[in-house]
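Each chain is listed here by its residues.
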Amino acid sequence: MSPPQANRRPIVAFAHHPWVEPEWMNRQQLLSRLGQRGWPVAYSCGPLDWWQRGTPRWAASSLLNRVEDRDNIRDIIPGRIGARWKRHPAFDRLALARHAKFIRNAVARPDERIIAMLFDPQFYPYIEHLQPCDITFHAYDAYAGQSGWTEEKAHFQAALLGEAQVITASSEAIARYLNTPKAIVLPNGADVDSFLGATKLPEPDDLRDIPHPRLGYVGAINRKVDLVLVAAIAKQRPDWHWGLVGRIERNELLADEYNAEAFRLCESLPNVHFLGQKDRRAVPAYVGHMDVNTMCYRAKGDGWWTAISPLKLHEYLAAGLPVVSAEIESVIPYKSSIALASDLGTWVDQISNALGTQSIQAQESRCEVAKANSWDARVDQLEGLLNEHRKK
C-alpha cells in the first residue's frame, strides 16, 4: 500500500549513468515507480567535467542545465556552464554546489527537507550542498572490487555508511561488504508484465537465421561473464547456438587475463552470436525466443561479480523458459526454479536436461516466482523503509 501523499518527500537521486539508456538499471526501475506513486523525483548523473571537452557528449550538450520530464521523474541534463574542474578545488566545489542547488530546486522548496538518494559513493560530496536532507544509500555493487576504486572513494563510502539513515544493498554479499548493521537487502526485481508472454512476441529479425537450440544471455558483456565457459560449451556442442545480447565492453575484456583469449575465440566460433545491445522494450522478445536462458557468470574468486544480484534473474523467470545459472550466492535461493551449474560438465548436463524437460507446469511455476519478485514489490519495501525513517 502506498503511503499518504503528505509523506512523499522530494527525492534527489544521483547515479553515474545518464537516465536515457537502451537498457534500464535498478535506479531507473526504482525511481520511475516512486515517481509514478507521487514521490517528486529529480535524477542526475552529475555535471559535465572539463576533461570531457572534445568528446561527443560535450559537443551534444547545451550551454545551460536543463530539465526534461520523462518516466515520472525530472531528468537533469547538465550543460557546459558549471562543469567540474577537479584540478582547481575551489572552482570544483563551486560547480558541485551549483549543480546540487539546481537539481534540488527542480523538485523542492529551498527550506524543504528532502531525501538525497545516492547509488554510488562518488556522489557523497554533494550531500553538504543538498541540506536539509536525509540520506539513502543504495549499493548495487561491491564497489571496492571495481576498477577505478580509490582511497578518496573509500573515504566517501565510509562517510555515507556513517551518515545515511537508510542503507540498502542489492544482495546479501554486498550487504556483508558494506559491513554495517544498517544495511538491508533490497534485491533486484523484474518488470514482470513486460516478460510475461515473451514466447508469443514476434521473433526478432536477427534471431531468425540462428538455428535451435538457442542458449540466451542478456546483459553487459564484460568481466563478469564467463566467456571461457561459453567458448568451451560452444566447442563441445557445436549444435547449440549462443545468442549473447548486450553491450560489449571490448577494451575491458581484452585487458582481462581470464577472458581475453576466450573472447577472441568466441568471436570466431560460428555458433556464438554477439547480437549487440538492444532497447529495453525489445529485450523480452529475445528472451522469449531462446530455448534456455543463462546467467553464465564467473562464480569463482573474489571479484565484484560474485556479489551481484542479476537484473535478468526474475525477468528470465517471468518469460517462463528454463534457466541455467552459475552458482552465485544471490541465485542459490531460487534453485527450485533455476538449474545451477558449477563446471563445464554440469553446465552441459543442466542445459541438456533443460532442453529435454520443458513443461507447462514448470513454466507457470517460474512465472509465479517472478511475480513475487517484481520491481513493484521492491518499491513497496523501499517506500516502507523511507517512511519508517520519517516516523522516527
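One can find the structure itself at the top, above this paragraph.
The model shown is predicted, which means the values in this text are computed figures rather than measured ones. (Residues numbered from 1 in each chain as written. Predicted model: local features only at pLDDT ≥ 70, side-chain atom pairs only at ≥ 80, totals over all residues. Heavy atoms only, no water.)

Across its full length, the protein holds 14 helices and 14 strands. Against the 2.2 N^0.38 benchmark of 21 Å for 392 residues, the protein shows a C-alpha radius of gyration of 22 Å, consistent with a compact globule. Counting only C-alpha atoms and orienting by the principal axes, one finds that the protein spans roughly 65 × 50 × 40 Å. By the burial criterion, 54% of the 392 residues in the protein qualify as buried. When the accessible area of the protein is evaluated, it comes to approximately 17,300 Å², of which 52% is carbon and sulfur surface. (Helix = DSSP H or I, 4+ residues; strand = E, 2+ residues; numbered from the N terminus. Rg over C-alpha atoms; globule rule 2.2 N^0.38 Å. Buried < 20%, exposed > 50% of the residue type's maximum accessible area, 1.4 Å probe, protein only. Areas by Shrake-Rupley, 256 points an atom, 1.4 Å probe, with all protein chains shown as cover.)

Glancing now at the packing of helix α7 (residues 227-236) against helix α12 (residues 344-356). Between α7 and α12, the least distance of the axes is 10 Å, while the angle of their chain directions is 60°. Taken together, α7 and α12 sit at an angle that is classed as oblique. α7 and α12 meet at a crossing whose hand is right-handed. Between α7 and α12, the contacting residues are Leu-229, Ala-232, Ile-233 and Gln-236 on the first element and Leu-344, Trp-347, Val-348 and Ile-351 on the second. A breakdown of the residues in the contact of α7 with α12 according to their chemical character gives 7 nonpolar, 1 polar and no charged. (Axes fitted to C-alpha atoms, helices over the stretch in contact; angles between N-to-C directions. Parallel < 35°, antiparallel > 145°, perpendicular 65-115°, else oblique. Left-handed = near helix turned anticlockwise from the far one by under 90°. Contact = heavy atoms within 4.5 Å. Nonpolar A, V, L, I, M, F, W, Y, C, P; charged D, E, K, R; others polar.)

Counted under the stated rule, the structure contains 0 disulfides. Not engaged in a disulfide, the cysteine Cys-45 finds its nearest cysteine sulfur in Cys-133; these two sulfurs lie 19 Å apart. Note on Cys-266: no disulfide assigned, nearest cysteine sulfur contributed by Cys-296 at a separation of 9.2 Å. (Disulfide = S-S within 2.5 Å.)

This brings us to the packing of α7 against helix α9 (residues 260-268). Direction vectors running N to C along α7 and α9 enclose 40°, while the axes themselves pass 8 Å from each other. The orientation of α7 with respect to α9, classified from their angle, is oblique. Relative to α9, the crossing made by α7 is left-handed. Contacts between α7 and α9 pair Leu-227, Val-228, Val-230, Ala-231 and Lys-235 from the former with Ala-262, Phe-263, Leu-265 and Cys-266 from the latter. For the contact of α7 with α9, a count of residues per class yields 8 nonpolar, no polar and 1 charged.

Glancing now at the pattern of salt bridges. The tally for this structure, following the rule as stated, stands at 27 salt bridges. Asp-206 is the partner of Lys-278 in a salt bridge, and the nearest nitrogen-oxygen pair spans 2.8 Å. Taken together, the residues span a long stretch of sequence, with Lys-278 in the loop between β11 (272-276) and α10 (283-288) and Asp-206 in the loop between α6 (192-195) and β9 (214-218) at a distance of 72 residues. By relative accessible area, Lys-278 is classed as buried at 16%. A relative accessible area of 30% places Asp-206 in the partly exposed class. The shortest N-O distance in the salt bridge between Glu-267 and Arg-250 comes to 2.7 Å. (Salt bridge = Lys/Arg side-chain N within 4 Å of Asp/Glu carboxyl O.)

Our next topic: helix α13 (residues 360-371). In a regular helix each residue adds 1.5 Å, so 12 residues correspond to 16 Å; α13 covers 17 Å between its end C-alpha atoms and thus fits that length. For α13, the complete set of buried residues consists of Arg-366, Cys-367 and Ala-370. All buried residues of α13 project into a common sector of 100° when viewed along the axis, lining one side. For α13, exposure combined with an orientation more than 90 degrees from the buried face picks out Gln-361 and Glu-364. Residues of α13 that are buried make contact with α6 and α11 (313-319). (Expected span 1.5 Å × (residues − 1). Arc of directions from axis to C-beta.)

Quick look at the sheet that holds strand β14 (residues 339-341) now. Sheet strands line up and pair through hydrogen bonds in the backbone, either parallel or antiparallel. Across the sheet, which stays open at both edges, the 6 strands sit in the order β11-β10-β9-β12-β13-β14 with parallel pairing between neighbours. Where the open sheet ends on each side, the last strands, each with one partner, are β11 and β14. Strand-to-strand twist of the sheet, defined as the mean angle between neighbouring strand axes without regard to direction, takes the value 25°. With 3 bridges connecting them, strand β13 (residues 323-326) and β14 associate as parallel partners. (Pairing = 2+ DSSP bridges.)

Quick look at the pairing of strand β12 (residues 292-295) now. Where burial is concerned, the two faces of β12 agree: the one with Val-292 and Thr-294 and the one with Asn-293 and Met-295 are both buried. With 2 bridges connecting them, β9 and β12 associate as parallel partners. Within β12, the residue paired with Leu-215 across the bridge is Val-292. Two strands pair when backbone bridges link them, and β12 and β13 are joined in this way by 3 bridges, in the parallel orientation. Bridge pairing in β13 links Met-295 to Ser-325. In terms of handedness, the path from β12 via α11 over to β13 forms a crossover that is right-handed. (Right-handed = clockwise from strand over helix to strand, strands pointing away.)

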